[in-house]
Amino acid sequence: MPTETPESTDDLSKPLGKKTKRKSRFNVPLPLLSRAIAGLLGLCVAVLAGWILFVNEPYGGEPMAVVSADTRVSETAKPGEPSAAGKPDAVVPTALAEGEKPGQTVTIIDGTTGKRQEVTVAPTGAKSNQKSNIKPEIKPGAAIDQRLLETSRHGAIPKIAPDGARPSDIYAQPSNANAARPGATRIAIVMEGLGIGANGTAEALAKLPAEITYAFAPYATDLERWVARARGEGHEVLLQVSMEPFDFPDNDPGPQTLLTSNAAELNLDSLHWFLSRFQGYVGVTSLMGARFTATEQALLPIVREVGKRGLIYFDDGASPRSVAGQISGGLNVAFARADRVLDAVPTANEIDMALARLEAVARSKGVAIGSASALPVTIDRIAQWTRTAAARGITLVPLSAVANRAKPAT
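Residues numbered from 1 in each chain as written. Predicted model: local features only at pLDDT ≥ 70, side-chain atom pairs only at ≥ 80, totals over all residues. Heavy atoms only, no water.

Observations concerning the overall build of the protein
Okay, so step 1: Looking only at helices and strands, one finds 10 helices and 14 strands in the protein.
Okay, so step 2: For the protein, with 410 residues in total, the buried portion stands at 45%.
Okay, so step 3: The long-range share in the protein, meaning contacts at least 24 apart out of those at least 6 apart in sequence, stands at 70%.
Okay, so step 4: A total accessible area of about 21500 Å² is found for the protein, and carbon and sulfur atoms account for 55% of it. (Helix = DSSP H or I, 4+ residues; strand = E, 2+ residues; numbered from the N terminus. Buried < 20%, exposed > 50% of the residue type's maximum accessible area, 1.4 Å probe, protein only. Contact = heavy atoms within 4.5 Å. Areas by Shrake-Rupley, 256 points an atom, 1.4 Å probe, with all protein chains shown as cover.)

Below is the structure:
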C-alpha cells in the first residue's frame with residue numbers, strides 16, 4: 001500500500017492529516033513600482049527644465065527680438081518724448097498681415113555677411129516678454145519736428161512740411177568743419193543692422209564717432225529709444241526697409257517685406273508701415289532686397305514715395321544689379337550709393353583692406369561712401385581706423401553731406 005512522503009522534514013512534527021501552508025514570498029505591487037519610476041522621471045525633467053530656464057548658459061540659444069506687426073504712433077507726442085508706438089498699452093490691435101502667423105519665427109540673413117538673426121513675430125497688440133539688461137538712454141537733441149509728420153493708418157510717417165522743410169535737411173547732422181576745406185577728402189560710413197542686438201548697438205554707440213551714420217532695422221525692441229539716443233549723440237539715422245531677396249522665402253527679411261509679386265499699392269502700404277516704426281531719420285535703405293532693387297517696375301514707386309516724403313534713398317552697394325541709382329536720377333530723388341561694402345568678408349584683415357580701398361577711392365574722387373554691418377569685428381576695426389583717419393587727411397562726414405541732393409522744383 002503506498003505511503004505519502006512528507007514534503008520536508010518539518011512536516012514530521014505536524015499531526016498527520018493536516019495540510020501544511022507554504023510561506024509566500026514578498027512581491028512589490030506593479031502599480032506602485034510604475035508610479036515610483038514615473039515620479040523619478042518627472043523629477044529629472046523638472047530639474048532639467050529649471051536648469052534651462054534659470055541658469056545663465058551663454059551657449060543656450062540665440063538672441064530673439066519680439067516685434068508686433070502693427071504699431072501706432074501718438075499724434076500728440078511732445079518733441080523729444082517717445083511716441084505711443086514704444087508703449088505696449090498704446091498699441092491698437094488690428095488684423096495680422098497676409099501670410100503672417102502669431103508666434104512665427106523668421107530668420108533674417110544678412111545678404112552681405114551671412115549672419116543669421118532669429119525674429120519672432122508676436123500677435124498684433126501683444127506685449128513682448130523679452131527683456132534686456134541694456135536700456136538705451138535718451139539724450140538731448142533727439143526732438144521730432146511735428147511739421148514733418150503725416151498721419152497714416154499705421155501711424156505717423158514723414159512728409160515735406162508746408163514751408164518746404166525736408167526730413168533729410170532737418171534731421172541732418174552738421175559736418176566736420178574740415179569738410180568745407182577746398183580739396184578735403186571726405187568719407188561717409190553707414191553702419192547697418194542697428195537695434196536688433198542690444199549689446200551690438202550699445203557697443204557701436206560706445207566706440208564709434210558721431211560722424212558714422214546708423215541704419216536701424218525695423219524689427220527691434222526699444223527701437224525709438226535707441227534711435228533717440230543715437231541722434232542725441234550726433235549720429236544721422238536711416239531706416240531699413242525689408243525688401244525681397246533672390247532666394248525668398250528661404251531667406252525672409254521679416255513681416256511686411258516688399259515683394260516683386262505684390263501690387264504697387266500693397267508695397268506702398270507696407271512701406272508706410274516701415275516709415276511709421278520710428279521718426280527722425282534722413283533717409284531709407286534696404287534690408288536685404290537684391291531681387292527687389294533689381295526690378296525696376298517694383299522699385300520705382302517706392303523710390304518715388306521716398307522722394308515725395310523728403311528723404312534720401314541710400315543704396316548700400318551689396319547688390320551690383322540694383323537700379324536704384326538710375327531710378328533716383330530720373331525721379332529727382334536725393335540719393336547716395338556705397339562705393340565699398342567694408343565687411344563683405346567679415347575678418348579683421350579683410351575689413352582693414354576694404355577700408356584702405358575706400359580711402360583710395362576717396363583720394364581719387366574727393367569723396368567715398370562705405371557700408372558695413374554691426375558685427376563686433378566690424379565695429380572694432382572701423383573704430384580703430386577712425387582714430388587715425390584725420391592724421392591721414394581723411395575727414396569723416398555724415399551721409400547727408402555726400403548724398404546727391406534733389407533739385408528744387410521749378
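Picking up after the structure, the text goes on.
A few points about the nonpolar core
Okay, so step 1: Within the largest apolar cluster, 62 residues are counted, with the highest numbers of intra-cluster contacts made by Met 191, Tyr 214 and Phe 216.
Okay, so step 2: For this core, the element with the most residues is helix α9 (residues 348-365), which contributes six residues.
Okay, so step 3: When residues no more than four places from it in sequence are discounted, the contact partners of Phe 216 are Leu 194, Gly 195, Thr 201, Leu 223, Trp 226, Val 227, Ala 230, Val 237, Leu 238, Leu 239, Gln 240 and Phe 278. (Core = buried A, V, L, I, M, F, W, Y, C linked by side-chain atoms within 4.5 Å.)

Looking at the confidence of the model for the protein
Okay, so step 1: Considering every residue of the protein, the mean pLDDT works out to 79; 68% of them sit at 70 or more.
Okay, so step 2: Segment residues 56-106 is flagged for pLDDT under 50; beyond a separation of four residues in sequence, or across chains, it makes 110 contacts in the model.
Okay, so step 3: Note on residues 108-115: pLDDT under 50 across the span, and 25 contacts to partners over four residues away in sequence or across chains. (pLDDT = per-residue confidence, 0-100.)

A look at the pairing of strand β6 (residues 185-194)
Side chains on a regular strand alternate between the two faces of the sheet.
Okay, so step 1: For β6, the tally of buried residues reaches eight of 10 residues, placing the bulk of the element in the interior.
Okay, so step 2: Pairing of β6 with strand β14 (residues 394-396) involves three bridges; the strand directions are parallel. Bridging across to β14, Ile 187 finds its partner in Leu 396.
Okay, so step 3: Looking at chain direction, β6 and strand β13 (residues 367-373) are connected through seven bridges and run parallel. Residue pairing in the sheet places Ile 187 in a bridge with Ala 368 of β13.
Okay, so step 4: As paired elements, β6 and strand β7 (residues 213-216) share three bridges and run parallel to each other. From the neighbouring strand, Val 190 faces β7, where its bridge partner is Thr 213.
Okay, so step 5: Crossover β6 to β7 through helix α3 (residues 198-207) is right-handed. (Pairing = 2+ DSSP bridges. Right-handed = clockwise from strand over helix to strand, strands pointing away.)

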